[in-house]
Amino acid sequence: MNVRERHTLTRYAWLSIAAAVATISLKLVAYWLTDSIGLLADALESLVNLAAAVMALWMLTIAARPADHDHAYGHGKAEYFAGVIEGVLIIIAAGGIGWTAIQRLFAPQTLDHAAAGLAVAGIATLINGTVAMVLLHAGRKHDSLTLEADGQHLMTDVWTSVAVVAGIGLVALTGWYILDPLIALAVAVNITVTGIQLVRRAVLGLMDTALPDDELTAIQTALADLGDHGCDYHALRTRQSGARRFISFHLLVPDTWSIQQAHAMAEQVEAAVRAAVPNSTVFTHLEPRNDPAALADIALDRADESEHVDPVAR
């Protein structure tokens with residue numbers, strides 16, 4: 001997916017913003033009707049959804065920018081910042097919900113107009129569920145952590161709302177008003193876990209973590225027949241920046257090959273790796289196979305190569 005096509009992903013962020021505004025309004029109406037702390041917690045989470053959607057729009061706009069002099073590898077990592085910030089916002093919202101629920105736990109209150117409030121909350125849940133499915137599908141299709149994180153956030157909100165609506169309905173039927181703050185506490189715990197998972201995934205991306213095992217296997221499969229041509233490879237390194245994968249390795253060719261032969265093989269190998277792992281940029285470093293120096297430059301930091309062994313070197 002090129003930069004221009006990636007820029008079109010911002011339309012999903014606008015969809016998320018519109019859904020957040022609509023659901024905040026509906027859930028606040030539901031809270032106003034019922035005075036339920038569970039519904040208030042649900043509305044506060046949607047407020048975080050709005051902030052997260054605005055952040056997603058900003059980060060997607062930055063990530064879509066082409067590579068430039070100061071960012072030769074592009075701006076894809078901007079999406080990880082969105083993941084971190086969204087995760088932190090979720091955790092903060094969970095803290096606020098938990099604090100409010102604890103206060104209500106010691107002073108339970110009756111609920112008013114429960115049926116009307118639950119109907120309004122149900123409409124908001126339906127909106128969130130539809131938009132969440134759209135964002136999750138788009139995030140996986142276009143390999144966008146920002147959209148996937150936003151979709152996961154909204155889907156968490158959906159399940160939160162379902163639990164709240166079911167719980168408030170139970171409160172209305174049984175008169176057990178203490179269930180209202182207990183439901184809110186459960187909501188807080190649930191969204192805290194989601195926030196932690198989002199932060200962890202984004203931090204792994206910022207730390208240049210290697211590609212997942214299935215993609216590493218695809219790379220190794222693409223390189224498996226090098227021996228048939230008298231070639232080999234080592235010092236395989238991978239990382240990800242948003243949707244873009246970066247793959248580098250040293251290509252070892254027969255000592256007697258000309259530069260033209262070696263370059264032709266490099267082009268063939270790089271094309272095979274790109275086909276195996278879409279959205280990848282592949283860098284190769286040519287070396288004569290039997291040159292002792294070729295075996296002495298596997299370490300990431302060549303100054304410490306006598307003490308360091310590259311864990312992904314072949």
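This one's a predicted model, so the numbers in the text were calculated from it and none came from an experiment.

> Give me the overall build of the protein: which residues, what numbers.
Looking only at helices and strands, the protein features nine helices and three strands. Reading the protein from its N end, one meets helices and strands in the order α-α-α-α-α-α-α-α-β-β-α-β. Looking at the protein as a whole, 46% of its 314 residues are labelled buried. Here the contacts in the protein between residues at least 6 apart in sequence split such that 74% fall between residues at least 24 apart. Accessible area for the protein stands at about 15,500 Å²; split by element, carbon and sulfur atoms hold 64% of it.

> Outline the packing of helix H8 (residues 213–222) against helix H9 (residues 259–276), supporting the account with residue identities and numerical values.
With their axes 9 Å apart at the nearest point, H8 and H9 run at an angle of 150° to one another. Between H8 and H9, the angle falls in the class roughly antiparallel. In this structure, H8 meets H9 at a crossing whose hand is right-handed. In this structure, H8 uses Ala 218, Ile 219 and Ala 222 to contact H9, whose residues at the interface are Ala 272, Val 273 and Ala 276. Split by residue class, the contact of H8 with H9 holds six nonpolar, no polar and no charged.

> Go over the side chain of Glu 287, please, and point to the residues and values.
Locating Glu 287 in the fold gives a position in strand S3 (residues 280–288). A distance of 3.3 Å separates a polar atom in the side chain of Glu 287 from a polar atom in the side chain of His 234. Among the polar contacts made by the side chain of Glu 287, one reaches the side chain of His 285 at a distance of 3.4 Å.

> Residue-level account of the packing of aromatic side chains, with values.
Taken as a whole and assessed by the stated rule, the structure comprises two aromatic pairs. With a centroid separation of 6.1 Å and 70° between ring planes, the pair formed by Tyr 233 and Phe 249 is classed as edge-to-face. Note that Tyr 233 is positioned in strand S1 (residues 232–241) and Phe 249 in strand S2 (residues 244–253), a separation of 16 residues in sequence. Here Tyr 233 falls in the buried class, since its relative accessible area comes to 5%.

> Can you lay out the sheet that holds S3 for me, pointing to particular residues and giving the numbers?
The strand order across the open sheet formed by three strands is S1-S2-S3, and the pairing between neighbours is mixed. Each of the sheet's edge strands pairs with one partner strand only, and the pair in question is S1 and S3. Ignoring strand direction, the axes of neighbouring strands in this sheet form an average angle of 15°. Bridge analysis of S2 against S3 gives nine bridges, and the strand direction is parallel. By the bridge assignment for S3, Val 253 is matched with Pro 288. Each of S1 and S2 touches H8; the most contacted strand, S1, lies at about 145° to it. Along the sheet face, H9 touches S2 and S3 and points at about 150° away from the line of S3.

> Go over the packing of helix H2 (residues 10–34) against helix H5 (residues 114–142) with me, naming the residues and quoting the values.
One way to put it is that H2 packs onto H5 with a least axis distance of 8 Å and a crossing angle of 160°. For the element pair H2 / H5, the angle class is roughly antiparallel. Relative to H5, the crossing made by H2 is left-handed. Residue composition of the contact of H2 with H5, grouped by class: 19 nonpolar, six polar and one charged.

> How would you explain the pattern of salt bridges if you had to name every residue and give the values?
One pass over the full model with this rule turns up three salt bridges. The salt bridge involving Asp 232 is made with Arg 289; its shortest N-O contact spans 3.9 Å. With Asp 232 in strand S1 and Arg 289 in the segment after S3, this pair connects stretches of sequence that are 57 residues apart. In this structure, Arg 274 and Glu 270 form a salt bridge, with 4.0 Å as the shortest nitrogen-oxygen distance. Taken as a pair, Arg 274 and Glu 270 lie in helix H9 at a separation of four residues, close to a single helical turn. Residue Glu 270 is classed as buried on the basis of its relative accessible area, which comes to 12%.

> Lay out helix H7 (residues 179–206) with the relevant residues and their values.
Here H7 contains 28 residues, and its C-alpha end-to-end distance of 41 Å stays within 8% of the 40 Å for a straight helix at 1.5 Å per residue. Listing the buried residues of H7 in full gives Asp 180, Pro 181, Ile 183, Ala 184, Val 187, Ala 188, Ile 191, Thr 194, Gly 195, Leu 198, Ala 202 and Gly 205. The first or second residue beyond H7 is Asp 208, which carries a positive phi of 60°.

> Could you give an account of H2, with specific residues and numbers?
Spanning 25 residues, H2 covers 36 Å between terminal C-alpha atoms, matching the ideal 36 Å at 1.5 Å per step. Looking at the residues trailing H2, positive phi occurs at Asp 35, about 60°.

> Could you give an account of the environment of Val 253, naming the residues involved and the relevant values?
With respect to the secondary-structure elements, Val 253 resides in strand S2. Each C-alpha atom, one on Val 253 and one on Gly 227, is 9.7 Å from the other, the two residues being 26 residues apart in sequence. Sequence-distant contacts of Val 253, defined by excluding residues within four places in its chain, comprise Gly 230, Cys 231, Ala 262, Leu 286, Glu 287, Pro 288 and Arg 289.

Here is what the cut-offs are and how they apply
Residues numbered from 1 in each chain as written. Predicted model: local features only at pLDDT ≥ 70, side-chain atom pairs only at ≥ 80, totals over all residues. Heavy atoms only, no water. Helix = DSSP H or I, 4+ residues; strand = E, 2+ residues; numbered from the N terminus. Buried < 20%, exposed > 50% of the residue type's maximum accessible area, 1.4 Å probe, protein only. Contact = heavy atoms within 4.5 Å. Areas by Shrake-Rupley, 256 points an atom, 1.4 Å probe, with all protein chains shown as cover. Axes fitted to C-alpha atoms, helices over the stretch in contact; angles between N-to-C directions. Parallel < 35°, antiparallel > 145°, perpendicular 65-115°, else oblique. Left-handed = near helix turned anticlockwise from the far one by under 90°. Nonpolar A, V, L, I, M, F, W, Y, C, P; charged D, E, K, R; others polar. Polar contact = N/O pair within 3.5 Å; in protein donor to acceptor, adjacent residues only side chain to side chain. Phe/Tyr/Trp six-rings, centres within 6.5 Å; stacked < 30°, edge-to-face > 60°. Pairing = 2+ DSSP bridges. Salt bridge = Lys/Arg side-chain N within 4 Å of Asp/Glu carboxyl O. Expected span 1.5 Å × (residues − 1).

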